[in-house]
Amino acid sequence: MSASLSRFNVPTSLEELPEDIRLAILAVQEKAGFVPNVFLMLAHRPAEFRAFFAYHDALMERESDTLTKAEKEMIVVATSARNRCLYCVVAHGALVRIYSKDPLLADQVAINHRVAPISERHRVMLDFAMHCAIDVGEMNDEWLTRLREVGFTQDDCWDIGAIAAFFGLSNRLVTLAGTPPNEEFYLMGRVPRTGSANTA
């Protein structure tokens, strides 16, 4: 494993990791065909690895009231772009393309969701995500009304804000570590590929 994956220590081999973390990484590798660099970057601190991915999975894999997987990933891409996090824009942009089956959407959302050819529902969703990620993030009656008018529940509002907040943490950690996105992410969802991916 290359030290260029992080400015901090990374495991020299998976065998040196606690079994639960090693098995988690191997499961992702089997599903995606490669190991996303963020897993290796976080693996040198096992307790933080477990906490990070437990919360990631609780947010991103739970069934929301109306929020789809593609919409969750759009939130990640839009807010990560504003936080100038190359890793998360590239990695989660791949998931936007896969879940939405739209090869253009991730790039359009990353550059400027306000001029992207998206629905009013998605524009309001991303406006609120930016409010949570970049501004104070207060949930008031005006925001709740706007979000409800385009079909989101109060529970969805929590999800949107929590995803924006969690990936603010993710953005800062991978930037702190200098962790680059895997090359594989760049082409996912743009060119035909066998198998599927669902990674952080």
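Below is a short write-up of the structure. (Residues numbered from 1 in each chain as written. Predicted model: local features only at pLDDT ≥ 70, side-chain atom pairs only at ≥ 80, totals over all residues. Heavy atoms only, no water.)

**Focus: the overall build of the chain**
Counting secondary structure elements, the chain contains 10 helices and zero strands. The C-alpha radius of gyration computed for the chain amounts to 17 Å, which stays within 12% of the reference 16 Å derived for 200 residues, consistent with globular compactness. Once the C-alpha set of the chain is aligned to its principal axes, its extents read approximately 50 × 35 × 30 Å. Contacts in the chain between residues at least 24 apart in sequence constitute 69% of all its contacts with a sequence separation of at least 6. Taken as two groups, the 20 positive and 26 negative side-chain charges of the chain have centres that lie 4 Å from each other. (Helix = DSSP H or I, 4+ residues; strand = E, 2+ residues; numbered from the N terminus. Rg over C-alpha atoms; globule rule 2.2 N^0.38 Å. Contact = heavy atoms within 4.5 Å. Lys, Arg positive; Asp, Glu negative; His and termini not counted. Charge placed at Lys NZ, Arg CZ, Asp CG, Glu CD.)

**Concerning the environment of Glu 16**
Secondary-structure assignment places Glu 16 in the segment before helix H1 (19–32). Residues Glu 16 and Arg 123, 107 residues apart in the sequence, show an inter-C-alpha distance of 45 Å. Separated by 2.4 Å, the side chains of Glu 16 and Thr 12 make a polar contact. (Polar contact = N/O pair within 3.5 Å; in protein donor to acceptor, adjacent residues only side chain to side chain.)

**Description of the packing of aromatic side chains**
Per the stated rule, a full pass over the model turns up 10 aromatic pairs. Summarising the aromatic geometry, the rings of Phe 49 and Phe 53 are spaced 4.7 Å apart at their centres and angled 55 degrees between planes, so their arrangement reads as tilted. Here Phe 53 and Phe 49 lie together in helix H3 (residues 46–60), a separation of four residues that amounts to about one turn. In terms of burial, Phe 49 and Phe 53 fall into one category: buried. Geometrically, the ring pair formed by Phe 166 and Phe 167 is edge-to-face, given 5.1 Å between the ring centres and 85 degrees between the ring planes. Here the two residues Phe 166 and Phe 167 agree in accessibility, since each one is buried. (Phe/Tyr/Trp six-rings, centres within 6.5 Å; stacked < 30°, edge-to-face > 60°. Buried < 20%, exposed > 50% of the residue type's maximum accessible area, 1.4 Å probe, protein only.)

**Here we look at the nonpolar core**
If you look at the biggest cluster of nonpolar residues, it comprises 63 residues, and the most contacted ones within it are Ile 25, Ile 75 and Ile 160. In terms of residue count, the dominant contributor to this core is helix H9 (residues 154–177) (nine residues). Once residues within four sequence positions are removed from consideration, Ile 25 is found in contact with Leu 14, Leu 17, Val 35, Phe 39, Leu 40, Ala 43 and Phe 49. (Core = buried A, V, L, I, M, F, W, Y, C linked by side-chain atoms within 4.5 Å.)

**Some points on H1**
Between its terminal C-alpha atoms H1 stretches 20 Å, which fits the 20 Å expected from 14 residues at 1.5 Å a residue. Looking at H1, one finds that the buried residues are Ile 21, Arg 22, Ile 25, Val 28 and Ala 32. Projection of H1 onto a plane perpendicular to its axis shows the buried side chains occupying an angular sector of 125 degrees, all on one side. Opposite the buried face of H1, at more than 90 degrees from it, the exposed residues are Glu 19 and Glu 30. Against helix H2 (37–42) and H3 lie the buried residues of H1. Immediately beyond the C-terminal end of H1, within one or two residues, lies Gly 33, with a positive phi of roughly 95 degrees. (Expected span 1.5 Å × (residues − 1). Arc of directions from axis to C-beta.)

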